[in-house]
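Chain by chain, the residues:
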Amino acid sequence: MNPMIFLDNAATTFPKPESVYTFMDAFYRRAGVNPGRSGYDMCMEAGQLLDDTRRLLTRFFNGTDPNRLCFTYNATDALNLIIFGILTEGDHAVTTTLEHNSVLRPLYHLSMFRGVDVDYVPFDGRGFVDPAEIRKRIRPQTRLVIVNHASNVIGTIQPIREIGRICRERGIVFAVDASQTAGQVPIDVQADFVDVLAFTGHKSLLGPTGIGGLYVRDGVTIRQTRAGGTGVRSADRLHLEEYPYRLEYGTPNILGAAGLNAGVTWILDKGISAVAGHERDLAAQLREGLREIEGVAMYCQDDPAGHLSVLSFNINGMEAADTGTILDVDYQIACRTGLHCAPLVHDQLGTARIKGAVRFGIGPFNTEADIQTALRGIADIAEMARHRRIGKPVSSVPV
Ligand SMILES: Cc1ncc(COP(=O)(O)O)c(C=O)c1O
């Protein structure tokens, strides 16, 4: 049994359900070969697993065609395929200040080197993006609207259906980064007007690292930005145009697909609302407990409706990294400190200049006892900070 209290589940969920470990182990021993390249039984089983997982995820997101579910290494890989495969010189894109660097950096690259113009819509004081603000930024050159479904810093879930409707009316591709929400919030790509959905396997879908994917609606075109082996039509000089080959290159991560399959199956067995409900109940306890500790500042947590079980805070007088170190060393609590790969969120919160915040992300295996230990730890650190026994005073922390 791991002695750590793991509250870094927004980075990756840990542990995974037992069935994920056992299925991965059994599958890889039995059929851990290159799928779709030959006709022997193990190869067929590996290919079948990949196809089953495509179908499972397509159903999970209410897509219509499993062939348009392409596997990638992670969400970053999927988001790069989307952004570089849609935008070209002279295009305009709209995004938000809630984005992760996996969206920001490809967009910055295109702005700096390929003449793509980008608007960054800020979130409001409660942490939500107003769809009307997105609508205002749309121009004749706008080709892509790309939005983080839920912030990995403040946990606010964005109104993607409203934004999607606006994009559909205007004929603009709407891409959603579901890294934090897939497995936590029901996603219906048809009802939500999502043209392209990017997800990662290792967070709330409860799979391992190294697998993610994207679902591309029929009728949406993503240019190919890579080429390589597909295992079929090897004599063709150009990479295959049809999905899923179009956006898949080289030997797929079948071990990852096996784990992802088992993770999603576990969620479906328990029910997504039961799994997320447990986490949000614990988040509510954490939020209420933190609110009562003098000197703790939380960010955009006033209205818990519409939040994932992710929240960030600072202790007045403490740098986030120091709080994280004390939690680790003295309380055996794992969390994440700093800018969380989402620098614009911290710019807007005013926390970038104090080196970010402390983030707790709750997972399906956390307990009330974990939350109570975390609250005791934070109360102790806040008390110490008050007495100036440790840490430099950071007077700019908004409390
Ligand atoms: C909102 C968001 N988008 C994208 C990513 C990137 O996910 P991955 O590192 O699995 O590519 C993350 C991971 O932290 C995230 O939280």
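Residues numbered from 1 in each chain as written. Predicted model: local features only at pLDDT ≥ 70, side-chain atom pairs only at ≥ 80, totals over all residues. Heavy atoms only, no water.

Undergrad: Just to check I follow, could you spell out the sheet that holds strand β3 (residues 92-96) for this structure?
TA: In a beta sheet, neighbouring strands are held together by backbone hydrogen bonds and run either parallel or antiparallel to one another. Taken in spatial order, the 7 strands line up as β2-β8-β7-β6-β5-β3-β4 in an open sheet, and their pairing is mixed. One side of each edge strand has no neighbouring strand; the edge strands of this open sheet are β2 (69-72) and β4 (117-121). Each adjacent strand pair in this sheet contributes to an overall mean axis angle of 20°, direction not counted. As judged from the 3 bridges shared by β3 and strand β5 (residues 142-148), these two strands associate in the parallel manner. Of the residues in β5, the one forming a bridge with A93 is L144. In the packing of helix α2 (residues 41-60) onto the sheet, contacts are made with β2, β7 (196-200) and β8 (212-216), and the angle to β2 comes to roughly 115°. Across the sheet, helix α4 (residues 101-113) lies against β3, β4, β5 and β6 (173-177), angled at about 145° from β4, the strand it touches most. (Pairing = 2+ DSSP bridges. Helix = DSSP H or I, 4+ residues; strand = E, 2+ residues; numbered from the N terminus. Axes fitted to C-alpha atoms, helices over the stretch in contact; angles between N-to-C directions. Contact = heavy atoms within 4.5 Å.)

Undergrad: Whenever I open this one, the nonpolar core confuses me. Can you help?
TA: Buried together is how nonpolar side chains tend to be arranged in soluble globular proteins. If you look at the biggest cluster of nonpolar residues, it comprises 57 residues, and the most contacted ones within it are L57, F61, V145, F174, L197 and L205. Each of domain 1 (5-13 + 271-386) and domain 2 (18-269) gives at least three residues to this core. (Core = buried A, V, L, I, M, F, W, Y, C linked by side-chain atoms within 4.5 Å. Buried < 20%, exposed > 50% of the residue type's maximum accessible area, 1.4 Å probe, protein only. Domains from an automatic or database assignment.)

Undergrad: Can you help me understand the domain arrangement of the chain in this one?
TA: The accessible area lost on association of the parts is a frequent measure of interface size. With domains assigned, the chain is organised as domain 1 (5-13 + 271-386) and domain 2 (18-269). Across the contact, 34 residues belong to domain 1 and 37 residues belong to domain 2. Contact between domain 1 and domain 2 buries roughly 2,800 Å² in total, counting both sides, with carbon and sulfur atoms accounting for 58%. By the criterion of area lost to domain 2, the three top residues of domain 1 are I272, L308 and L344, representing 22% of everything that side buries. (Buried area = accessible area lost by both parts, 1.4 Å probe.)

Undergrad: Honestly, the pairing of β5 in this entry has me stumped. Any pointers?
TA: A regular strand carries its side chains on alternate faces of the sheet. Buried residues dominate β5, accounting for 6 of its 7 residues. For β5 and β6, the ladder comprises 5 bridges, and the chain directions are parallel. Paired with V147 across the bridge in β6 is V176. A crossover links β5 with its parallel partner β6, the connecting element being helix α6 (residues 160-170), and its sense is right-handed. (Right-handed = clockwise from strand over helix to strand, strands pointing away.)

Undergrad: Would you explain the site of the ligand in this entry?
TA: The full set close to the ligand counts 13 residues, and T76, D177, T200, H202 and K203 are the nearest of them. At a separation of 2.7 Å, an oxygen atom of the ligand approaches a polar side-chain atom of H202. At 2.5 Å from an oxygen atom of the ligand is found a side-chain nitrogen or oxygen belonging to K203. Per-class residue counts for the shell around the ligand are 1 nonpolar, 10 polar and 2 charged. (Near = heavy atom within 4 Å. Polar contact = N/O pair within 3.5 Å; in protein donor to acceptor, adjacent residues only side chain to side chain. Nonpolar A, V, L, I, M, F, W, Y, C, P; charged D, E, K, R; others polar.)

Undergrad: Just checking my understanding: could you explain the environment of L290 for this structure?
TA: Structurally, L290 can be placed in helix α8 (residues 272-291). Residue classification places L290 among the buried positions, given a relative accessible area of 0%. When the C-alpha atoms of L290 and R30 are compared, they prove to be 48 Å apart, with 260 residues separating the residues in sequence. With sequence-adjacent residues up to four places away left out, L290 is seen in contact with V296, M298, L311, F313, L375 and I378.

Undergrad: It is not clear to me how the state of the cysteines should be interpreted in this structure. Could you clarify?
TA: Where two cysteines share a covalent bond between their sulfur atoms, that bond is called a disulfide. As enumerated under the stated definition, the model contains 0 disulfides in all. Not part of a disulfide, C335 finds its nearest cysteine sulfur in C341, a span of 15 Å. C341 gets classed as partly exposed once you look at its relative accessible area, which sits at 33%. (Disulfide = S-S within 2.5 Å.)

Undergrad: Looking at this structure, I do not really get the side chain of T58. What am I missing?
TA: For T58, the position within the fold is in helix α2. Classification of T58 as buried rests on a relative accessible area of 4%.

Undergrad: Can you walk me through helix α11 (residues 368-386) in this structure?
TA: Each full turn of the α-helix corresponds to 3.6 residues, which orients residues three or four apart in the same direction. Compared with an ideal rise of 1.5 Å per residue, which puts 19 residues at 27 Å, α11 spans 27 Å between its outermost C-alpha atoms and is within 8% of the ideal. What α11 keeps buried is the set D370, I371, T373, A374, L375, G377, I378, I381, A382 and A385. (Expected span 1.5 Å × (residues − 1).)

Undergrad: Whenever I open this one, the packing of aromatic side chains confuses me. Can you help?
TA: Geometrically, a pair of aromatic rings is defined through the distance of the ring centres and the angle of the planes. Scanning all chains against the criterion turns up 7 aromatic pairs. Between Y108 and Y120, the aromatic rings sit 6.0 Å apart at their centres with planes inclined by 40°, giving tilted as the arrangement. Residue Y108 is located in helix α4, and its partner Y120 is located in strand β4; the two are separated by 12 residues in the primary sequence. Looking at Y108, the relative accessible area reads 29%, which means it is partly exposed. We note R68 situated over the ring of Y243; from NZ or CZ to the ring centre the distance is 4.1 Å. (Phe/Tyr/Trp six-rings, centres within 6.5 Å; stacked < 30°, edge-to-face > 60°. Lys NZ or Arg CZ within 6 Å of the ring centre and 35° of its normal.)

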